[in-house]
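Chain by chain, the residues run as shown.
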Amino acid sequence: MSTALPAQLAEIIDDFQDLTEPDRLQLLLDFSRELPELPERLREHPELLEQVVECQSPVFLTLEVGDGPERRVNLFFSAPPEAPTTRGFAGVLMEGLDGLPAEEILAVPDDVPDRLGLTRAITPLRMRGMSAMLGRIKRQIRATAA
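Here the structure is a predicted model, which means the values were calculated and not measured. (Residues numbered from 1 in each chain as written. Predicted model: local features only at pLDDT ≥ 70, side-chain atom pairs only at ≥ 80, totals over all residues. Heavy atoms only, no water.)

### Some points on the pattern of salt bridges
So, point 1. Tallied over the full model, the rule gives nine salt bridges.
So, point 2. Here Arg33 and Asp30 are joined by a salt bridge, their closest N and O atoms 2.6 Å apart. Of this pair, Arg33 and Asp30 both sit in helix 2 (residues 21–34), three residues apart, roughly one helical turn.
So, point 3. Here Arg33 falls in the exposed class, since its relative accessible area comes to 57%.
So, point 4. Under the relative-accessibility criterion, Asp30 is labelled partly exposed at 28%.
So, point 5. Where Glu50 meets Arg136, a salt bridge forms, and the shortest distance between an N and an O atom there is 2.7 Å. Within this pair, whereas Glu50 is found in strand 1 (residues 50–51), its partner Arg136 is found in helix 7 (residues 124–145), the two being separated by 86 residues in sequence.
So, point 6. Several salt bridges share partner residues, and in doing so they unite Glu50, Glu54, Arg136 and Arg139 into one network. (Salt bridge = Lys/Arg side-chain N within 4 Å of Asp/Glu carboxyl O. Helix = DSSP H or I, 4+ residues; strand = E, 2+ residues; numbered from the N terminus. Buried < 20%, exposed > 50% of the residue type's maximum accessible area, 1.4 Å probe, protein only.)

### Structural notes on the environment of Arg24
So, point 1. Among the structural elements, Arg24 can be located in helix 2.
So, point 2. Separated by 92 residues in sequence, Arg24 and Leu116 place their C-alpha atoms 8.0 Å apart.
So, point 3. Excluding residues that lie within four positions of it along the chain, Arg24 makes contacts with Phe16, Gln17, Leu19, Leu116, Gly117 and Leu118. (Contact = heavy atoms within 4.5 Å.)

### Remarks on the nonpolar core
So, point 1. Counting 39 residues, the largest nonpolar core has Phe16, Phe77, Val92, Leu97, Met133 and Ile137 as the members making the most contacts within it.
So, point 2. Of all the secondary-structure elements, those providing two or more residues to this core are helix 1 (7–17), helix 2, strand 2 (60–65), strand 3 (73–78), helix 4 (84–97), helix 5 (102–106) and helix 7.
So, point 3. Look past the residues within four positions of Leu97 in its chain and what remains in contact with it is Pro6, Gln8, Leu9, Val73, Leu75, Ile105, Val108 and Leu134. (Core = buried A, V, L, I, M, F, W, Y, C linked by side-chain atoms within 4.5 Å.)

### Quick word on the sheet that holds strand 1
So, point 1. Spatial strand order, 1-2-3: three strands in an open sheet with antiparallel pairing. The sheet is open, and its two borders are formed by strand 1 and strand 3, each paired with just one other strand.
So, point 2. Examined bridge by bridge, strand 1 and strand 2 share two bridges and lie antiparallel to one another. The residue of strand 2 that forms the bridge with Glu50 is Leu61.
So, point 3. Contacts from helix 7 reach strand 1, strand 2 and strand 3, with the element oriented near 35° to strand 2. (Pairing = 2+ DSSP bridges. Axes fitted to C-alpha atoms, helices over the stretch in contact; angles between N-to-C directions.)

### Let's talk about a negative patch on the surface
So, point 1. A cluster of acidic side chains, namely Glu11, Asp14, Asp15, Asp18, Glu34 and Glu95, defines a negative patch on the protein surface.
So, point 2. At three residues, the largest contribution of residues to the negative patch is made by helix 1.
So, point 3. In this structure, Glu95 sits in helix 4.
So, point 4. With a relative accessible area of 42%, Glu95 lands in the partly exposed category. (Patch = residues over 30% accessible without salt bridge, like charges linked within 9 Å, V, L, I, M, F, W, Y side chains within 5 Å. Areas by Shrake-Rupley, 256 points an atom, 1.4 Å probe, with all protein chains shown as cover. Lys, Arg positive; Asp, Glu negative; His and termini not counted. Charge placed at Lys NZ, Arg CZ, Asp CG, Glu CD.)

### Comments concerning the environment of Pro36
So, point 1. Here Pro36 lies in the loop between helix 2 and helix 3 (40–43).
So, point 2. On the accessibility criterion, Pro36 (39% relative accessible area) is partly exposed.
So, point 3. Sequence-wise, Pro36 and Met94 are 58 residues apart; in three dimensions their C-alpha atoms are separated by 8.8 Å.
So, point 4. Those residues in contact with Pro36 that lie beyond four places of it in its chain are Phe77 and Met94.

### Regarding the pairing of strand 2
So, point 1. Pairing of strand 2 with strand 3, which is carried by six bridges, proceeds in the antiparallel orientation. Residue pairing across strands places Val65 opposite Val73, the latter belonging to strand 3.

What follows is the structure in structure tokens.
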């Protein structure tokens, strides 16, 4: 299995890498503002979402894996507006992974949060939360295959 990044995620990482640290934080805030609302079917059923307890903020996620050979994955996140770094990383994952085949997401390296170049700007605790989101996504995909 290749550890090549999916093109849309690689492009996001390149965008972060091309910026200075303060500008990277601004880009993360941009992603936080772009995180879509949950669809109504999930807003009305919060029990369908899993909390990412490693995050300091109340972040919840779920996914749907499509039928068919590629098993395309749709991601859904709920994160409060007053948690912009957490929302921002959810936005990065949403834009970078949503709609991709399950196998491609499972092949994404676990160090993606570190590749954004935010480790000096964001606390280690928040970075762990970011890594936990990716880990939960992979675990949920594996659970749907089981």
